[in-house]
Amino acid sequence: MRTHITEHDLRHHGDAEVRDGGEGLTDLAVNVRTGTPPEWLRERIAASLTGLAAYPDGRAARAAVAARHGLPVERVLLTAGAAEAFVLLARALPFRRPVVVHPQFTEPEAALRDAGHSVRRVLLRPEDGFRLDPAAVPEEADLVVVGNPTNPTSVLHPRGVLAALARPGRTLVVDEAFMDAVPGEREALAGRTDVPGLVVLRSLTKTWGLAGLRIGYVLAEPSVVDALSRAQPLWPVSTPALVAAEACVSPRALAEAEEAARRLAADRAHLVAGLGEFEEVRVVGAAEGPFVLVRTGAAVAVRARLRGLGFLARRGDTFPGLGPEWLRLAVRDRGTTNRFLQALDQALTLTSG
């Protein structure tokens, strides 16, 4: 596991593939679940628009999130997506030696750098299956950020491994933005109060198709929640987003999310099996998220060919620890996957030829 710094485009995200001339193409670059938000959720959000004259009141949504995780409301902070939480953490907490475990979502490091912090990286290796050894994290780190399941590797770290990173005087930030895409949310730390310094981030934008609405939340000790809330502007979460938050943690929504996670697991297995037919493509094993990470020597050319064939893939070289030979592919339904695999076959053939 390496710790040196190499420059990457930390602000590049999958939505750039769609914005930059990708309209109308099949999107495998963004990890938002297709066919969302569901009609019942759209109706709830639409109904909230009649109350836009009033200032947002987050008490009901905060209480609903707290109840969903069996926590007191003092341990919950609602945010404009998980991305806002990273900015708040970077600016509001007192720490001096932050560490980010990569490859992972790059926004935490970008937020830390923007706040003036010098960030140390722990780079997980492909030959280790991008698995985390807690001993690789420097003992002196007083802030550690890790994703679970991790974007873009799709690795699900055991909760015991992550809990082993906790130390007195250390803030342990676990980004669980994709945990609701894991059946049973196994390995989740959300709701735990026995891990010192634990901060868990959740996003409601991926499973529910709310990326444009911006809604997520932080689960942490009350003192941390207070510090983060003081760094927020007034009324940071809109009324429609608050209504969505309350709806998405209801028993009905949780059951729907669990069913979607089980379908996703089957669709992911179908994609991985199909990718396994190509000698030129290596899939990172044991994927548990709504995406898979693949390696192929011709990834840059293949990605361009795929675009010409109607499919968008996420480049991997903007993630620290990865290079231009990596691509991230969102999991879609079997019909879409079959069409993609045909396009991939053509792209590989054209590239090798």
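Residues numbered from 1 in each chain as written. Predicted model: local features only at pLDDT ≥ 70, side-chain atom pairs only at ≥ 80, totals over all residues. Heavy atoms only, no water.

For the rest of this paragraph, the subject is the packing of aromatic side chains. Counted by the stated rule, this structure contains six aromatic pairs. A ring pair is formed by F86 and F105, whose centres lie 5.9 Å apart and whose planes are at 50°; its orientation type is tilted. Highlighted residues: F86 in helix α4 (residues 81-92) and F105 in the loop between β3 (98-102) and α5 (107-114), separated in sequence by 19 residues. F105 sits in the partly exposed class, given a relative accessible area of 22%. Residue placement shows R33 over the ring face of W208; its charged tip is 5.6 Å from the ring centre. (Phe/Tyr/Trp six-rings, centres within 6.5 Å; stacked < 30°, edge-to-face > 60°. Helix = DSSP H or I, 4+ residues; strand = E, 2+ residues; numbered from the N terminus. Buried < 20%, exposed > 50% of the residue type's maximum accessible area, 1.4 Å probe, protein only. Lys NZ or Arg CZ within 6 Å of the ring centre and 35° of its normal.)

Strand order in this open sheet of seven strands is β2-β8-β7-β6-β5-β3-β4, and the pairing throughout is mixed. Edge positions in the sheet fall to β2 (76-79) and β4 (120-123), since each has one partner strand and no second. Here the average twist between neighbouring strands, direction ignored, is 20°. With four bridges connecting them, β3 and β4 associate as parallel partners. (Pairing = 2+ DSSP bridges. Axes fitted to C-alpha atoms, helices over the stretch in contact; angles between N-to-C directions.)

Okay, the sheet that holds strand β9 (residues 282-283) next. Here four strands make up an open sheet; going across it, the order is β9-β10-β13-β12 and the pairing antiparallel. Each end of this open sheet is capped by a strand with a single partner; those strands are β9 and β12 (314-315).

Attention now moves to the UniProt feature "domain: Aminotransferase class I/classII large" (unreviewed entry) in the chain. With numbering matched to this structure, UniProt assigns "domain: Aminotransferase class I/classII large" (unreviewed entry) to residues 26-344. Helix makes up 36% of residues 26-344 and strand 16%, whereas the separation of the span's terminal C-alpha atoms amounts to 13 Å. (UniProt positions renumbered as here; feature names shortened; annotations may be inferred.)

Moving on: the side chain of D180. Considering the arrangement of structural elements, one finds D180 in the loop between β6 (171-175) and β7 (198-203). With no salt bridge to any partner, buried D180 finds its closest opposite charge in R202, at an N-O distance of 5.8 Å. At a separation of 3.0 Å, a polar atom in the side chain of D180 contacts the side chain of T207. Beyond its immediate chain neighbours, meaning those up to four positions away, D180 contacts E185, S203, T207, A257 and A261. (Lys, Arg positive; Asp, Glu negative; His and termini not counted. Salt bridge = Lys/Arg side-chain N within 4 Å of Asp/Glu carboxyl O. Polar contact = N/O pair within 3.5 Å; in protein donor to acceptor, adjacent residues only side chain to side chain. Contact = heavy atoms within 4.5 Å.)

A few words now on the nonpolar core. Counting 52 residues, the largest nonpolar core has L41 and W208 as the members making the most contacts within it. If one sorts the elements of this core by residue count, helix α9 (residues 239-248) sits on top with six residues. Beyond its immediate chain neighbours, meaning those up to four positions away, L41 contacts W208, L210, A244, A247 and C248. By size, the runner-up hydrophobic cluster in this structure holds 25 residues, among which are L28, F311, A313 and A343. (Core = buried A, V, L, I, M, F, W, Y, C linked by side-chain atoms within 4.5 Å.)

Quick look at the pattern of salt bridges now. Think of it this way: side chains of opposite charge can pair up when their charged atoms draw near. If you walk through the whole model with that rule in mind, you get 18 salt bridges. Taking the shortest distance from any N to any O, the salt bridge between R262 and E258 comes out at 2.8 Å. Taken together, the residues span about one helical turn, with R262 and E258 both in helix α10 (residues 251-275) at a distance of four residues. By relative accessible area, which is 48% here, R262 ends up partly exposed. Given the relative accessible area of 22%, E258 is considered partly exposed. Because the salt bridges share partners, they merge into one network encompassing R68, E176, E185 and R202.

Turning to empty space enclosed by the protein, a few remarks are in order. Here the structure, examined in full by the defined rule, presents four cavities of 30 Å³ or more. Estimated volume of the largest cavity: approximately 90 Å³. Forming the boundary of the largest cavity are 13 residues, of which R68, D180, L204, C248 and L254 lie nearest the centre. Taken together, the elements giving at least two residues each to the lining of the largest cavity come down to β7 and α10. In terms of residue class, the lining of the largest cavity is made up of seven nonpolar, one polar and five charged. Its boundaries defined by the atoms lining it, the second largest cavity holds a volume of some 60 Å³. Around the second largest cavity, the lining residues are F86, L89, A90, P108, L112, L143, V145 and V173. Looking at the lining of the second largest cavity, the elements with two or more residues in it are α4, α5 and β5 (143-147). Among the elements that make up the lining of the second largest cavity, the one with the highest residue count is α4 (three residues). (1 Å grid on protein atoms, 1.4 Å probe; cavity = no way out; pocket = protein on both sides within 12 Å on 5 of 7 lines; lining within 4 Å. Points joined across faces, edges and corners; volume = space filled by probe spheres on them. Nonpolar A, V, L, I, M, F, W, Y, C, P; charged D, E, K, R; others polar.)

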